[in-house]
Amino acid sequence: RIGWVEVVCGSMFSGKTEELIRRLNRAKIARQKVEIFKPAIDKRYHDVDIVSHNENSIRSTPVNTSEEILLFAGDCDVVGIDEAQFLDNNLVEVCNKLAGSGKRVIVAGLDMDFAGKPFGPMPLLLSIAEYVTKVHAVCVVCGEVAQYSYRKVTSQDKILLGETDSYEARCRRCYTLGELA
Ligand code: ADP
Ligand code: MG
């Protein structure tokens, strides 16, 4: 059997987790063995569940490094990884190895950080994937298609875990106007 890599990317609230859960559930319906991972750093809602903003959830294994995914993936058919932007660059090699051993690998993550810069291993994953899906949120200011995660608070740290209190989805225009304000 031949494996491959799928990436689902976009801003916060764009439905990445929703789409990842949809794909994994459909694999489960087809009686495929599914393993799901997320970086241990992401504890916003739950230690082991992956939860979308519309409150769908699925059980996952928290990992500290991308190599741990290789150790725990075992004999499954499909590997799901959420919040991949928080993992290390070795994730590229890990995904290639998993796909090389015949697994379908579905990776979801933020393509850009709050500053509009490529986030962690995501740009590398976009290059090596067979399939790339970019999903979009709705701009909370004007209702246009949003691709930016606008930070509403002043911290300049690249990683600031948070939700609607710290971030909002914005289109290119409203994101830029906010940055200039
Ligand atoms: P992501 O994983 O990309 O952050 P989720 O899958 O967790 O996204 O959540 C997507 C859901 O977020 C949508 O179905 C919708 O219910 C909700 N949502 C909240 N704010 C927005 C917004 N500005 N644009 C689109 N969806 C939003
Ligand atoms: Mg998500």
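Note that the structure is a prediction, hence the values are computed from the model and not measured. (Residues numbered from 1 in each chain as written. Chains lettered and ligands numbered in written order. Predicted model: local features only at pLDDT ≥ 70, side-chain atom pairs only at ≥ 80, totals over all residues.)

### Re the overall build of the protein chain
Inclusion rule: Numbering goes from the N terminus for both helices and strands, where a helix is a DSSP run of H or I of at least four residues and a strand is a run of E of at least two. The atom set for the radius of gyration is the C-alpha atoms, and the globule formula is 2.2 Å times the number of residues raised to the power 0.38. A residue is called partly exposed when the number of other C-beta atoms within 10 Å of its own lies between 12 and 20, exposed at 12 or fewer, and buried at 20 or more, with C-beta atoms placed from the backbone.
Counting its regular elements, the protein chain contains five helices and twelve strands. Compactness check: the protein chain gives a C-alpha radius of gyration of 16 Å against a globular reference of 16 Å for 181 residues, within 12% of the reference. The principal-axis extent of the C-alpha atoms belonging to the protein chain is close to 50 × 30 × 30 Å. Within the protein chain, the proportion of its 181 residues that are buried is 41%.

### Regarding the UniProt feature "active site" (unreviewed entry) in the protein chain
Here is the rule we go by: UniProt positions are given in the numbering used here, feature names are shortened, and annotations may be inferred rather than shown by experiment.
Listed under "active site" (unreviewed entry) in the UniProt record, and renumbered for this structure, are Glu83. Looking at the element boundaries, Glu83 is found in the loop between β6 (78-81) and α3 (91-100).

### Considering the environment of Leu87
In this fold, Leu87 is placed in the loop between β6 and α3. Here Leu87 falls in the buried class, since 28 other C-beta atoms lie within 10 Å of it. Spatially, the C-alpha atoms of Leu87 and Pro121 are 6.9 Å apart, while their sequence positions differ by 34 residues.

### Some remarks on α3
Note the threshold: This arc corresponds to the set of directions leading from the helix axis out to the C-beta atoms.
Inspection of α3 places Leu91, Val94, Cys95, Leu98 and Ala99 among the buried residues, and these make up the whole buried set. Projected onto a plane normal to the axis of α3, the buried residues spread over an arc of 130° and lie on a single side. The first or second residue beyond α3 is Gly102, which carries a positive phi of 95°.

### Looking at the sheet that holds strand β5 (residues 61-63)
Applicable threshold: By this definition, two strands are paired if DSSP reports at least two bridges between them. Note on geometry: axes are lines fitted to C-alpha atoms, helical ones only across the stretch in contact, with angles between N-to-C directions running from 0 to 180 degrees. C-beta atoms are placed from the backbone for every residue, and two residues are taken to be in contact when these atoms lie within 7 Å.
Pairing is parallel across the open sheet formed by six strands, whose spatial order is β5-β2-β6-β7-β1-β8. Pairing within the sheet leaves two strands with one partner each, and these edge strands are β5 and β8 (131-134). Neighbour-to-neighbour, the strand axes of the sheet open up by a mean angle of 20°, direction not taken into account. Sheet topology places strand β1 (residues 4-10) next to strand β7 (residues 104-110); seven bridges connect them, and they run parallel. For Gly10, the partnering residue across the bridge sits in β7 and is Leu110. Along the sheet, helix α1 (residues 16-29) makes contact with β1, β2 (34-39), β6 and β7, crossing β7 at roughly 165°. Helix-sheet contacts for α3 involve β1, β6 and β7, and the interaxial angle to β7 is about 155°.

### Considering the site of ligand 1
Worth spelling out the cut-off: Each residue receives a C-beta atom built from its backbone; the residue is near a molecule or strand if that atom lies within 6 Å of it. The residue classification treats Ala, Val, Leu, Ile, Met, Phe, Trp, Tyr, Cys and Pro as nonpolar and Asp, Glu, Lys and Arg as charged. All others, Gly included, are polar.
In the vicinity of ligand 1 there are 15 residues, among which Lys16, Thr17, Glu18, Ser52 and His53 approach most closely. Breaking the shell around ligand 1 down by element, the ones donating at least two residues are α1 and β9 (137-138). Per-element accounting of the shell around ligand 1 gives the leading share, three residues, to α1. Class assignment for the residues of the shell around ligand 1 results in six nonpolar, seven polar and two charged.

### A closer look at the nonpolar core
Keep this limit in mind: A set of buried residues qualifies as a nonpolar core if it consists of Ala, Val, Leu, Ile, Met, Phe, Trp, Tyr and Cys joined through C-beta atoms within 7 Å.
Formed by 47 residues in total, the largest nonpolar core has its most connected members in Ala84, Cys95, Val105, Val107 and Leu125. In this structure Val107 touches Val5, Val7, Ile81, Ala84, Cys95 and Leu125, once residues within four positions along its chain are discounted.

### Regarding the UniProt feature "binding site: Zn(2+)" (unreviewed entry) in the protein chain
UniProt feature "binding site: Zn(2+)" (unreviewed entry): in the numbering of this structure it lies at Cys139, Cys142, Cys171 and Cys174. In sequence the annotated residues extend across 36 residues, while in space they remain close, none of their C-alpha pairs exceeding 8.0 Å. Mapped onto the secondary structure, Cys139 falls in the loop between β9 and β10 (145-146). Taking the number of C-beta atoms within 10 Å as the measure of exposure, Cys139 has 22 and is therefore buried. For Cys139, the residues in contact, after removing those within four places along its chain, are Glu144, Ala146, Ala169, Arg170, Cys171 and Cys174. Discounting chain neighbours no more than four positions away, the residues touching Cys174 are Cys139, Val141 and Cys142.

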